[in-house]
There are 2 protein chains.
Amino acid sequence: MIERLCVIGVGLIGGSLALALKEAEYVGHVVGVGRGAANLALARERGIIDEASHDPAAAVRGADMVLLAVPVGSVEAVCRQLAPALAEEAVLTDAGSVKGAVVAQVRRAFGGRVPARFVPGHPIAGTEQSGAGAAFAELYLGRRVLLTPLAETDPDATARVEAMWRAAGAEVERMTVAHHDEVLAATSHLPHLLAFGLVDSLARQEESREIFRYAAGGFRDFTRIASSDPVMWRDICLHNAEAILAALGAYRADLAELERAIAAGDGEALEAIFRRAKAARDRFCSDSTGCK
Amino acid sequence: MIERLCVIGVGLIGGSLALALKEAEYVGHVVGVGRGAANLALARERGIIDEASHDPAAAVRGADMVLLAVPVGSVEAVCRQLAPALAEEAVLTDAGSVKGAVVAQVRRAFGGRVPARFVPGHPIAGTEQSGAGAAFAELYLGRRVLLTPLAETDPDATARVEAMWRAAGAEVERMTVAHHDEVLAATSHLPHLLAFGLVDSLARQEESREIFRYAAGGFRDFTRIASSDPVMWRDICLHNAEAILAALGAYRADLAELERAIAAGDGEALEAIFRRAKAARDRFCSDSTGCK
């Protein structure tokens, strides 16, 4: 049970958690922090938060749980503001898609030492929408949340964050920071990059309006993630560059093989690649709860 | 109105058209042709076809409309079989995702001359499923069908094919063969290739099982088309190689720019690309009927 939750960044991710915890009656009072007055007003109107603030330091005072749900490039600046006001016993966690860079920023903001009550986390859930208007209580139902506690992390803090996400309906797993960043580069960051790249590549072409006119369901689904928030994804790319470049390199080698097979008219090679991919994708779907 | 429709290849595409025309009472009798006995039996059981055959020549006898709905690499072989039995007044059309190579195959099969009653066509609709079991009458509702009649095509034949697709609920447009193949390379063939490539690239990695375990909705949608039929897509790649390689080349240049920006930590360039892509994708969605 959380008495006073402070959500910094009341968008899809932070707002949905607040809604879920309120529905579960797992939280007493929610303070939302953001820069946009209109978004905060909407969050109050929708009952996502009970109180709005533009000042992280004022907002974390008295909070027993603080969630950072801002683009990963803003973590250090926000933490510098809230650090002096954060209570010793308050638990600090985040929802960023990158963990290594977030930990490094928190360390810098807290004077070179990661607070023992900081628990790095990442809910693997979302849509291409953003803002408080997009938040909904069911976002985390059955979804995975990855926690990457450090050697210095207080186990009680990790347990509290875990309990919070479970109250929102999620399954919680733990892994190392480095492993998280590699796996997510492959399954999430790279696909986003490829989708953004494809839409941009087509949009630059002269007849782009006409090209999109003849696009169908496959294109729509493939490019859905290209409607995601540009700032959030800029930050992810900047802050998980090494793992993303490695994943992109492996992918480009695969693409070169496909290109060679097409240029050579090598139907056997193409069919083999497509069969392997289809088998893996079908297996992913039969393993996964959310494929239909 | 069609008296006797012959559908060669009773899968998602051919089967769905037969179902739609039956529901619209636009067709009298449907003969289905295929190699797989189980698929044809299922098609009869589901009322998609009234009669099954393994022999294209026997099946087209007496048909006033013949639809080729086989992988584009099989068109020539099928046409060689049915050519001697096709009535002079019968209309022949196809549903292939590639038009140039289909026209070339029909030309070769008919002794170097494309029949005047052949109308190349392509319904821009489908799912990642295949086979008669996946067919459904509503597949073409509100979808576009592109017809690419040639200079030598009988306008009456084109009108009949157009009327048939309209009866199935589709909107029909006309364009040239070359334009079709370029536009579809960009909006459909390239995305399929990229999705197959990504899934294969991940599946090859050692921890692939675990990688997929942490994939979420973005990955699921991005890779849906990688569950498509490998033979169909092998044939599309082989038969629209030139346009696909051109689209892939443009895309690889875009990807290289993204890679450079990530490696250089160039947040401004990344954000600009992501913003352009998001704007184009959001515009596509507001223009498109099928984006939700």
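Residues numbered from 1 in each chain as written. Chains lettered and ligands numbered in written order. Predicted model: local features only at pLDDT ≥ 70, side-chain atom pairs only at ≥ 80, totals over all residues.

**Student:** Please explain the sheet that holds strand E9 (residues 171–174) of chain A as it appears in this structure.
**Tutor:** Neighbouring strands of a sheet are bound in pairs by backbone hydrogen bonds; such pairs are parallel or else antiparallel. Residues and elements named next belong to chain A. Pairing within the open sheet is mixed, and its 3 strands lie in the order E7-E8-E9. Each of the sheet's edge strands pairs with one partner strand only, and the pair in question is strand E7 (121–124) and E9. Averaged over neighbouring strand pairs, the angle between their axes works out to 25 degrees when direction is ignored. Sheet topology note: the E7/strand E8 (residues 144–147) ladder contains 4 bridges and is antiparallel. Across the sheet, Gly121 pairs through a bridge with Leu147, a residue of E8. (Pairing = 2+ DSSP bridges. Helix = DSSP H or I, 4+ residues; strand = E, 2+ residues; numbered from the N terminus. Axes fitted to C-alpha atoms, helices over the stretch in contact; angles between N-to-C directions.)

**Student:** Explain the interface of chain A and chain B to me, please; I cannot follow it from the model alone.
**Tutor:** For an interface, size is often stated in terms of accessible area lost upon the parts coming together. The interface of chain A with chain B comprises 74 residues on the first partner and 74 residues on the second. Among the secondary structure elements, those contributing two or more residues to the side of chain A that touches chain B are helix H7 (177–204), helix H8 (208–213), helix H9 (217–222), helix H10 (230–239), helix H11 (241–264) and helix H12 (267–287) of chain A. The element best represented in the side of chain A that touches chain B is H7(A), accounting for 17 residues. When its residues are assigned to classes, the side of chain A that touches chain B shows 44 nonpolar, 14 polar and 16 charged. (Contact = placed C-beta atoms within 7 Å. Nonpolar A, V, L, I, M, F, W, Y, C, P; charged D, E, K, R; others polar.)

**Student:** Is there a simple way to think about the pairing of strand E4 (residues 65–68) of chain A in this case?
**Tutor:** Strand residues, when the strand is regular, have side chains that alternate between the two faces of the sheet. All names here are of chain A. Side chains Met65 and Leu67 of E4 all project onto a buried face; the interleaved residues Val66 and Leu68 project onto the opposite face, where all are buried too. Taken together, the 4 bridges between strand E1 (residues 2–8) and E4 define a ladder with parallel strand orientation. Residue pairing across strands places Leu5 opposite Met65, the latter belonging to E4. In this structure, E4 lies alongside strand E5 (residues 91–94), joined through 4 bridges in parallel fashion. Bridge pairing in E5 links Leu68 to Asp94. The handedness of the E4 to E5 crossover, carried by helix H4 (residues 75–82), is right-handed. (Buried ≥ 20, exposed ≤ 12 C-beta atoms within 10 Å, placed from the backbone. Right-handed = clockwise from strand over helix to strand, strands pointing away.)

**Student:** Can you walk me through the relation of the copies chain A and chain B in this structure?
**Tutor:** For the pair of chain copies, the relating transformation is a rotation about an axis with a translation along it. Screw-axis analysis of chain A against chain B gives a translation of 0.0 Å along the axis, an RMSD of 0.0 Å, and a rotation angle of 180 degrees. Such a combination of rotation and displacement between the chain copies is what one expects of a two-fold axis. Closest approach to the rotation axis among the C-alpha atoms of chain A is made by Phe222(A), whose C-alpha sits 2.0 Å away. Both copies share a contact surface, since 100% of the interface residues of chain A are interface residues in chain B too. (Least-squares fit on C-alpha atoms with pLDDT ≥ 70 in both.)

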